[in-house]
Structures are given as C-alpha cells and as structure tokens.
There are 2 protein chains.
Amino acid sequence: MSAGPLPTIHEVARLAGVSVATVSKTLNRSGKVSEVLQERVNAAAQKLGYAPHASARSLRSGATRILGLLVADLTNPYFLRLVENIERLSSAAGYSVILCNSAEDPEREERHLAMLLSQRADGAIVIPTRRGWSGRLAALSSLPMPGILVDRRIEGLDLDSVTTDNLTLGRLAAEHLDDLGHRRVGVIMGSPEHQIARHRLDGFRTGFAERGVTLDERLIEKNNFSEMAGHAAALRLLSRSTRPTAIFATNNHLALGLLRAVGERGLSIPDELSVIAVDELPWAGLVRPGMTVVTQPSEAIAETTVSTLLRRISEGRSGMDEDDNERSIQLPPALVVRGSTAAIRKQP
Amino acid sequence: MSAGPLPTIHEVARLAGVSVATVSKTLNRSGKVSEVLQERVNAAAQKLGYAPHASARSLRSGATRILGLLVADLTNPYFLRLVENIERLSSAAGYSVILCNSAEDPEREERHLAMLLSQRADGAIVIPTRRGWSGRLAALSSLPMPGILVDRRIEGLDLDSVTTDNLTLGRLAAEHLDDLGHRRVGVIMGSPEHQIARHRLDGFRTGFAERGVTLDERLIEKNNFSEMAGHAAALRLLSRSTRPTAIFATNNHLALGLLRAVGERGLSIPDELSVIAVDELPWAGLVRPGMTVVTQPSEAIAETTVSTLLRRISEGRSGMDEDDNERSIQLPPALVVRGSTAAIRKQP
DNA sequence: TCTCATTTGTTAAACGTTTTCTTAGCGAGT
DNA sequence: ACTCGCTAAGAAAACGTTTAACAAATGAGA
C-alpha cells in the first residue's frame, strides 16, 4: 500500500509531534510517558504501519530475540516433533527461530554455527551430529552464546543437555516383555558406540537381569540406524533355528525395517512374534495390531529445553557466574501398550 | 575460550594496524586492498575469531540475508519435505531461514508476518492458511518484502506462486485407473471450496470423461482433510451394496484413514480394491502391496520457489518495476505405479 | 518568593558496520 | 620543476534504535 521504504521511528515522532525518545519509551513501555502522548504516539505508529527495525534495535540493545535451532536430521520424525514444539514455545516467548539442518554432516553443522554466531542469536538449541563434536560446538559452552544440547549428549562438553532417560526406556521395554513371559528376546539396535543405543541396551539388559533373566547375546543385532540395516538384522533373527519370541527395535527406522521383514516372512504379530518399538510413529494407526512402544516425552523435552535455554540467556544477561554447570537433564519415557505384544503362547 | 564479548571490526583493525575501512573492504572483497594488507587483516581476523555482526551489517546495508518460511502445517509430511529442501537451497545460497508455523491459524500467520517484517527479512515464503488471507499477506505483494506462495494459491492476490499442477495430477490418477479397467471408482477428498481439492477432482473427472467414462457422483466423498474424515468416508464407500472397485484418496491424511478402514474390513488390496493416493508417504514401504501414488514434485517446487524469490529480491534491489506480475507457476506431478492398483478381475 | 524534589520530555551519544569522499603518495608526461 | 592522473588507504557520515544525561515544568514547603 504505502509507497517508499518503511517508516522509521523518526517519522512516527514527527507525526505525533514528539521526540523519538518518547516514541521509543511508549512502544517499549519503558520510562514514564503521559497518557495523552502515549495515545498520540500509538495512533501515529498505527497510521504509518510502523514496524521497528529489528537490526537497529538489536545493534543497540545487544539482544536479537532470535534462537538458533540446529538439527542433525530433518527427516527423523521424532526430531520433527521436537522442532515443531520448540518453534511453538519459542514463538510464544517472543523469540524467532532460525532453522538449520546439518543432515548429519559435521561440516554443515560447523558452517551453521558460524552463521548463528554472526547473527548473534541469543541462544542455540542443537541436536548434534553423530560423528564427533566440532570445535565450534565446544565454544558454545563459553562465551559467544548460551547453547543447549537436545536428545544427544556429548560426553566431554560442559553444556546443558536435555535427553530421554534411555536407561529407563530400555528397562521399561524389558519389564513389559518379561511380564508377558518372554525369555528369548531379540534386540535390533544401532552402533553401540553411540551413547543412546548403548543406554537403551544397557537398560534393557538390566531390566531383565533384575528379574533374573540373562539376554542371549547372539540375539543382539548391532548395526547402523537405517531401515535397511533393521530389515537385514530382522531377517537374520527370524531365520535362526529357534527364533526369538519377541523383538525390541530401538529406533524408528529400525522398526520400519523390522516390520517389513516380518511382513515378508508372513509372520503374524503378536501371535508368532511380539514387537516393541521406540517412539510414537506417524503411521502407528496403520499397522494392524497397534504398535506397543516406549515413547520419548517430546513435549516435555521441548519445554525443558526452551525454558532452560531462556533461563541461561537471562542469567547471562545479568552477568551471573557459571555455578551449576554440566546440567544434564533426563526425562522419563513412557510405555504405551497396544496390540503388537502379547503373552507368550507355547514354549517350543 | 576468549573472555569478554566478541571482537569488533575495530579490534581487528587495530591488531592489523589498519583502518576499519580496510578491514571491511578486505573481508567483503570489495574495493582495492594491497596483498600485504589483506594478509595482515585476514590473520588478525582469524586470530581474534572475528565474526561480523549481522545486525550492524544489515542496518547499514539494508539487506539481512534472511528468508522467512511460514508454513501452514508442520505436521504435514509433504510440507516437511518442502521445508527441508527450501532450507537446504536457501542455506546454499547464503540465506538463513526463520521458520514459522501458523498451524492453520490465521492469527498466528498474521503475527508471524509482522515479526518477519520487523526482522526485515529479505523475502518470505508462505504456505498460507486455508481460511482466507490476512491483510498482511496481501501487503506482501507490494512493498515491505517480496513474497511467494507455495502449494496453495490465493485467487485474488497478485503474488508469485508455485504449486503442483493439480489438474494433471487428477488426470494421471484417472488415466491409470482407466487403463486398468476400473469404471466404478470412488474419490475421497477434502472440501471442494479449496482450490487444490477442486482441481484434483476436476482433473480426475476430466481424465475419465476424455475416455468416455462418467463418474458416479454418489461415490465422491467430500469432507474435510483429516484422517478421521477419510476413515469415515471410506467406510461409507465400502458399505455400499455395489462398492467401488478402486478409490482415489486425494491427500495424505485421507489415505491413512482409507487404509485403516480397508484393514478393518479385511479387504485385500489390490485383489478386492485398488487404491491410489497422493504423495510419497514416509511409511509407504510398510504397506504390504506398495502404494501406487501420484507424487508432487517437491524438490522442483522448492527449487523454483527459492530461485524465483531470490530473483525477485535482486530485482527489487535494483529497483526494477513490476512488469510480469501474477506469475503462477505450476509443476507437473508424476505417477508411481506400485502394487496397490491392479487390473480389475471380475465384473460383479 | 525562593528553593528543592519530582515528574515528563528532549538531546545526543552510542551500537558495529558499509561506503562515499578525501587525501596522501607517486610515477609519468611536458 | 610542475602538473596530471592514478591507486591505496583512511576519515567520517550514515543506518534506526535505546538510553543515559540533562532540561523544563510543576507543585510543595519554608
């Protein structure tokens, strides 16, 4: 509508017949401004369609009200739920979110972090790449901007982190299967050099151990995290002379591969095989017997992440010294029982 | 590592023993700077870990190198693929992306647009809310910043838009089913007041009409876009005395509901019913006979969107006048045949 | 009436860049 | 020797805010 570039605070001031300082104070509700002037200012701003220039504002004030969100893998539905929730919460708190996808590539991660630094984001939320941590991630712990890790912790770094309690997650799965009488259980997991996979397995193992059951190590398939790997692993498990009566798939992609394999073998779930997976899946409703899963508390994780980061930001602003560093928050998963697991029928 | 706040261009200049102007010219490769000084500057910048202050830069230069990405529904997997591709392309072109989710809520859309305006984003990519267009969206066509619509066109606005050619999409589905001999076909679609649904149906109808087949209007289920609606509609279709031999589900959610209904009825696909859907689905590999789908060209759409917007931005910068307005780009979908459709067996 | 507080408003100085304009330096042509 | 170009470097003026410091105005107490 209006021609020419956007109006500045000066034009608002001129139209309202006051100084720019008065306009600024009015619009930010800081300082004292009389009722009558406030109205004049607001009217003028309204009429001109004034929108404060964020760059100018942050240049002067030092805060950008921007959060960086750097995700390791945008194709992972679990991360997507996190992104969605984090965006919602940040936005509600008055922060904009710059979305970055590193696609599991440390180099992209590095570049994005440099960009976020240049943008002077007030904070960064990072789901880090699997392979090692870049120097720039380490730098987050100190000065440039407060950062927080989500879902994946990095051992050596003293950065806040919010993750699922994966030990408990494994244990929940174990206890459920044990309750149903399963003793010969298979596990399809990613590489044990990744903390998450390791913790889930450890929890699973512990859960059974506490009930006096020892896992058959030969039924633990350790590979990578892809659907193909899950498929192959499942076929191996199902081809054994005495195949497991239940299988625990420790992530989304692996579960997909497992289900595909089960379908190909024509096995019926849960009659011939019980299956328990991790995370609510978008297509969960589709699978005929609904999937029994251990879910990660994605809303709670998003909420804790954002609130913790915002707290760090305000602390930093007030110059508080780093006292309670190395806060690693772990949130509890939940078991959702559906039709894909059942009590064992016959003991062959 | 380094204590205190981040270094400015002045500190780099002092360390290199030159003026700030020289540093700026060196770092931006603008203006003439002698070899030796360039090296001194780069070394100093490197040593200090200098990162240019984006706010200051854009305040002076007028460009933020930020793109707004405002999505109507982050839970839609198709939109997610768009987001992923758009982020990748923008990032490769040196732009950062501010992600906003309106969640089909016009009010949130409005707020986000105001925020993007305040941030002085260089451009905005918008998948608009279904219900009506906000005044601020209309404003995009004129001055504040160049904007482009994706996936959903808005009739009255003279804004660039990039969408799937939904007429052709419908026609492709129709021709495929006709080739297989289907004559009694059902359609499960969203509300016909939405252009997309209407176009897909029109194309579908036309495709059959061109082969001399008239659709049975009673088999066209018009509801909303939810999975629940799809499920209910499917149940209605499958309960008819003479049920259709094939069903066309015009979107993701509806297809999910349809498949659930088919499962509940214990019908076998494609022997008793052929099913064709829209869009590659994340869980496509899972469904036993793979799904036959008409896919939207999401990569091409993302590519066209970003390049068109960036062109608009540079045009705007060079002050070019709006000549070829109202560009509505439509990209062709593709048919992917899998196992969920088959030639009709018996004619009951 | 004169001071002194207290309120309300304005002036002007930052914030960290980019960029225009100016100047210094210098070799070449007369 | 003097001017004329030419190049590389620097000085300083923006860009649009916020905010500290200050001025003006008002009312109260003596």
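For the structure itself, consult the block above.
A brief structural summary. Counting restarts for each chain: residues are numbered from 1 in the order of the written sequence. Each chain takes a letter, starting from A, and each ligand takes a number, starting from 1, following the order in which they are written. Local features in this predicted model are restricted to residues whose pLDDT is 70 or higher, and side-chain atom pairs enter the listing and the counts only when it is 80 or higher, whereas totals over whole chains, interfaces and linings include all residues. Only hydrogens and water are set aside; all other atoms, that is, all heavy atoms of the structure, feed into the side-chain values.

**Topic: the overall build of chain A**
Secondary structure elements are defined from DSSP: runs of H or I of at least 4 residues count as helices, runs of E of at least 2 residues count as strands, and each element is numbered from the N terminus. Looking only at helices and strands, chain A features 12 helices and 12 strands. Working definition: with a 1.4 Å probe on protein chains only, accessible area under 20% of the residue-type maximum means buried, over 50% means exposed, and in between means partly exposed. In chain A, buried positions account for 52% of the 348 residues. We call two residues in contact when some of their heavy atoms are within 4.5 Å. For chain A, the proportion of contacts with a sequence separation of at least 24, taken over those separated by at least 6, is 73%.

**Quick look at helix 2 (residues 20-28) of chain B**
Residues and elements named next belong to chain B. Burial in helix 2 covers these residues: Thr22, Val23 and Thr26. Projected onto a plane normal to the axis of helix 2, the buried residues spread over an arc of 100° and lie on a single side. Positive phi shows up at Arg29, right after helix 2, with a value of about 55°. Relevant arc is that of directions from the helix axis to the C-beta atoms, nothing else.

**Considerations on the protein's contact with DNA strand C**
Being near a molecule or strand, for a residue, means having at least one of its heavy atoms within 4 Å of it. Taken together, 22 residues form the shell around DNA strand C, and within it Thr22 and Ser34 of chain A together with Ile9, Ser24 and Arg60 of chain B come nearest. A share of 60% of the atoms of DNA strand C within 4 Å of the protein falls on sugar and phosphate groups. Polar contact is defined as a pair of N or O atoms within 3.5 Å, subject to the rule that within protein one atom must be able to donate a hydrogen and the other to accept it, and that residues adjacent in sequence are counted only when both atoms are side-chain atoms. At 3.2 Å, a side-chain N or O of Arg57 of chain B approaches a phosphate oxygen of DNA strand C. Among the elements of the structure, helix 2 (20-28) and helix 4 (54-61) of chain A together with helix 1 (9-16), helix 2 and helix 4 (54-61) of chain B are those that each provide at least two residues to the surface near DNA strand C.

**Here's the deal with the packing of aromatic side chains**
Residue and element names in this part refer to chain A. Stacked, tilted and edge-to-face are the three classes assigned to paired rings of Phe, Tyr and Trp, where Trp is represented by its six-membered ring and a pair needs centres within 6.5 Å; plane angles under 30 degrees give stacked, over 60 edge-to-face, the rest tilted. On inspection of all chains with the given rule, the structure shows 6 aromatic pairs over all chains. Pairing Phe204 with Phe208 gives two aromatic rings, centres 5.3 Å apart and planes at 80°, and the pair type is edge-to-face. Of this pair, Phe204 and Phe208 both sit in helix 9 (residues 195-210), 4 residues apart, roughly one helical turn. Phe204 gets classed as buried once you look at its relative accessible area, which sits at 0%. Exposure remark for Phe208: the relative accessible area of 0% places this residue in the buried category.

**Digging into the side chain of Ser55 of chain B**
Counting through the fold element by element, Ser55 of chain B comes out in helix 4. Judged by its relative accessible area of 6%, Ser55 of chain B falls in the buried class. Excluding residues that lie within four positions of it along the chain, Ser55 of chain B makes contacts with Ser55, Ser58, Leu59 and Thr64 of chain A.

**What to know about the protein's contact with DNA strand D**
With respect to spatial proximity, 23 residues lie near DNA strand D, and among them Ile9, Ser24 and Arg60 of chain A together with Thr22 and Ser34 of chain B are the closest. Counted by atom, the contact set of DNA strand D within 4 Å of the protein is 63% sugar and phosphate. Note that a base oxygen of DNA strand D is positioned 2.6 Å from one of the side-chain N or O atoms of Arg60 of chain A. Of all the secondary structure elements, the ones that give two or more residues to the surface near DNA strand D are helix 1 (9-16), helix 2 and helix 4 of chain A together with helix 2 and helix 4 of chain B. Polar here means any residue outside two lists: the nonpolar Ala, Val, Leu, Ile, Met, Phe, Trp, Tyr, Cys and Pro, and the charged Asp, Glu, Lys and Arg; Gly therefore counts as polar. Residue classes in the surface near DNA strand D are distributed as 10 nonpolar, 8 polar and 5 charged.

**Let's talk about the sheet that holds strand 7 (residues 220-222) of chain B**
All names here are of chain B. In this description, strands pair whenever DSSP reports at least two bridges between them. Spatially, the 6 strands line up as an open sheet ordered 7-6-8-9-10-12, and their pairing is mixed. The sheet terminates laterally at strand 7 and strand 12 (334-336), the two strands that pair on one side only. In this sheet, neighbouring strand axes are inclined to one another by 15° on average, regardless of whether the strands run parallel or antiparallel. Looking at chain direction, strand 10 (residues 292-295) and strand 12 are connected through 3 bridges and run antiparallel. The residue of strand 12 that forms the bridge with Val293 is Val336. Here an angle of 0 to 180 degrees is reported between the N-to-C directions of two axes, which are lines fitted to C-alpha atoms, with helices fitted over the stretch in contact.

**Quick word on helix 8 (residues 166-179) of chain B**
All names here are of chain B. With 14 residues, helix 8 extends 20 Å between its outermost C-alpha atoms, agreeing within 8% with the 20 Å of an ideal straight helix rising 1.5 Å per residue. Buried residues of helix 8: Asn166, Leu169, Gly170, Ala173, Ala174, His176, Leu177 and Asp178, and no others. You can read the cap of helix 8 off the contacts: a side-chain oxygen lies 3.3 Å from the backbone nitrogen of Leu167, and it is on Asp165. Positive phi shows up at Gly181, right after helix 8, with a value of about 95°. Multiplying 1.5 Å by the helix residue count minus one yields the expected span of that helix.

**Quick word on the sheet that holds strand 10 (residues 292-295) of chain A**
Residues and elements named next belong to chain A. Read from one edge of the open sheet, 6 strands run 7-6-8-9-10-12, paired in mixed fashion. Looking along the sheet, the strands with just one partner apiece sit at the ends: strand 7 (220-222) and strand 12 (334-336). When the angles between neighbouring strand axes are averaged without regard to direction, this sheet yields 15°. By the bridge criterion, 3 bridges tie strand 8 (residues 246-249) to strand 9 (residues 274-278) in an arrangement that is parallel. Bridge pairing in strand 9 places Ile247 opposite Val275. Here helix 10 (residues 227-239) sits on the sheet and contacts strand 6 (185-189), strand 7 and strand 8; the angle it forms with strand 6, its principal contact strand, is near 160°.

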